[in-house]
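Residue strings, one per chain:
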Amino acid sequence: MLNKIIVIKIGTNVITNDKCLLDELVISKLAAQVAVLKKHAYAVILVTSGAVGAGRSLVKPNVKLSKVETRQVLAAVGQIKLANTYLSRFHRLGISCAQVLTCKEDFRDKQHYLNMKGCLSALLKSDLVPIVNENDVVAVEELMFTDNDELAGLVAVMVKADRLIILTTVDGVKDDRGRIIAVIKKRSDYQRFVTSEKSSFGRGGMSAKCATALRSAKFGTKTHIINGKISNGILKVMAGEKIGTTFAPLKKKYEKNYRHYRRR
Ligand code: GLU
């Protein structure tokens, strides 16, 4: 049987510094935490943004390009840099990783869904760390994931992950007085406090994060939204420390709800 699986979603702003460059130190620290999880027999999947962000620091696309073309150019250039950065950081720790670029179509019907599931399972069985991102280079604008939070949620449900940890640059979901909401069980626990405002470089916002987190929890994956910049945040949350916001899992009912989930 496969080990317990942890899906970690990493936002662009978590792994870029104030000069908009990939922050290699942060990525090293994330890799080190993954190494500890693997030592404790967890299988880990990373869903990482940052291709477009990394591309921005490397090229200036022709000003005459359309918005879509610009995204394609930035992602095509940035994805190599992003993957290489993870590769070198994991390599130092003796961990092999694998790149998985995906589009919404890969979750579209049973054939595509099972193909993607089989791919992730094969990578995990080979003791690799899949590093997943949307294939922004060829994704059709109208058919893209809302953001990588949505992708991470789909992956977590697909592999029946034990945990989904969403790393962002705030300390969790806040109420109207700025206090972190420790546990969320239903939409009304956060709805009135959260706006659909987006972060500077990522496509997602807290509202989308909460929707994803709640959905994954509903399917049995304990989900956390924590600040990805804090020291050893992933390990802290796995050790049961009360940081960030936790979306309490409901009873596992993956198979039964699988079709319903895809229809949403
Ligand atoms: N896939 C995009 C990237 O790598 C990010 C999407 C998102 O912000 O959620 O730049």
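- The name given to the protein chain in an unreviewed UniProt entry is Glutamate 5-kinase.
- Regarding the protein chain, the relevant UniProt record gives this comment under Sequence similarities (unreviewed entry): "Belongs to the glutamate 5-kinase family."

### Notes on the nonpolar core
Then, in step 1: Counting 37 residues, the largest nonpolar core has Val7, Phe107, Val173 and Phe247 as the members making the most contacts within it.
Then, in step 2: Going through the elements one at a time, β1 (5-10), β2 (43-48), β3 (97-102), α5 (110-125), α6 (148-158), β5 (163-168) and α7 (206-218) are the ones with two or more residues in this core.
Then, in step 3: If one sorts the elements of this core by residue count, α6 sits on top with six residues.
Then, in step 4: Membership of the second largest hydrophobic core comes to 31 residues, among which are Val34, Leu37, Tyr86 and Leu167.

### Looking at the pairing of strand β7 (residues 222-227)
Then, in step 1: For β7, a buried count of five out of six residues is recorded, marking the element as mostly surrounded by other parts of the structure.
Then, in step 2: Bridge analysis of β5 against β7 gives six bridges, and the strand direction is parallel. The residue of β7 that forms the bridge with Ile166 is Ile225.
Then, in step 3: Both β7 and strand β8 (residues 245-247) contribute to a ladder of three bridges, which runs antiparallel. Across the sheet, the residue bridging to Ile225 is Thr245, located in β8.

### Quick look at the packing of helix α2 (residues 24-39) against helix α4 (residues 67-92)
Then, in step 1: Packing of α2 against α4 leaves a shortest axis separation of 9 Å and a crossing angle of 50°. Considering the angle they form, α2 stands oblique to α4. Regarding α2 and α4, the two cross each other, and that crossing is right-handed. Only Lys81, Thr85, Tyr86, Arg89 and Phe90 of α4 make contact with α2, whose side of the interface consists of Glu24, Ile27, Ser28, Ala31 and Val34.
Then, in step 2: Looking at the contact of α2 with α4, its residues break down into five nonpolar, two polar and three charged.

### Structural notes on the state of the cysteines
Then, in step 1: The tally for this structure, following the rule as stated, stands at zero disulfides.
Then, in step 2: The closest cysteine sulfur to the non-disulfide-bonded Cys119 is located on Cys103, 13 Å from its own sulfur.
Then, in step 3: What makes Cys119 partly exposed here is its relative accessible area of 32%.

### What about the sheet that holds β5?
Within a sheet, each strand pairs with its neighbour through backbone hydrogen bonds, oriented either parallel or antiparallel.
Then, in step 1: Judged by pairing direction, the sheet is mixed, and its eight strands sit side by side in the order β3-β4-β2-β1-β5-β7-β8-β6 without closing on themselves. On the outer flanks of this sheet lie β3 and β6 (183-184), each paired with one strand and no other.
Then, in step 2: Taken together, the six bridges between β3 and strand β4 (residues 129-134) define a ladder with parallel strand orientation. Among the inter-strand pairings, Ala98 is bridged to a residue of β4, identified as Pro130.

### Structural notes on the packing of aromatic side chains
Then, in step 1: With the rule as written, the count across this model stands at three aromatic pairs.
Then, in step 2: Taking 6.3 Å as the distance between ring centres and 80° as the angle between the ring planes, the aromatic pair formed by Phe107 and Tyr113 counts as edge-to-face. Residue Phe107 shares its accessibility class with Tyr113, and that shared class is buried.
Then, in step 3: Arranged with centres 5.7 Å apart and planes meeting at 80°, the rings of Phe107 and Phe145 form a pair that is edge-to-face. Highlighted residues: Phe107 in the loop between β3 and α5 and Phe145 in the loop between β4 and α6, separated in sequence by 38 residues.
Then, in step 4: Classification of Phe107 by relative accessible area gives buried; the value is 6%.

Criteria and cut-off values
Residues numbered from 1 in each chain as written. Predicted model: local features only at pLDDT ≥ 70, side-chain atom pairs only at ≥ 80, totals over all residues. Heavy atoms only, no water. UniProt positions renumbered as here; feature names shortened; annotations may be inferred. Core = buried A, V, L, I, M, F, W, Y, C linked by side-chain atoms within 4.5 Å. Buried < 20%, exposed > 50% of the residue type's maximum accessible area, 1.4 Å probe, protein only. Helix = DSSP H or I, 4+ residues; strand = E, 2+ residues; numbered from the N terminus. Pairing = 2+ DSSP bridges. Axes fitted to C-alpha atoms, helices over the stretch in contact; angles between N-to-C directions. Parallel < 35°, antiparallel > 145°, perpendicular 65-115°, else oblique. Left-handed = near helix turned anticlockwise from the far one by under 90°. Contact = heavy atoms within 4.5 Å. Nonpolar A, V, L, I, M, F, W, Y, C, P; charged D, E, K, R; others polar. Disulfide = S-S within 2.5 Å. Phe/Tyr/Trp six-rings, centres within 6.5 Å; stacked < 30°, edge-to-face > 60°.

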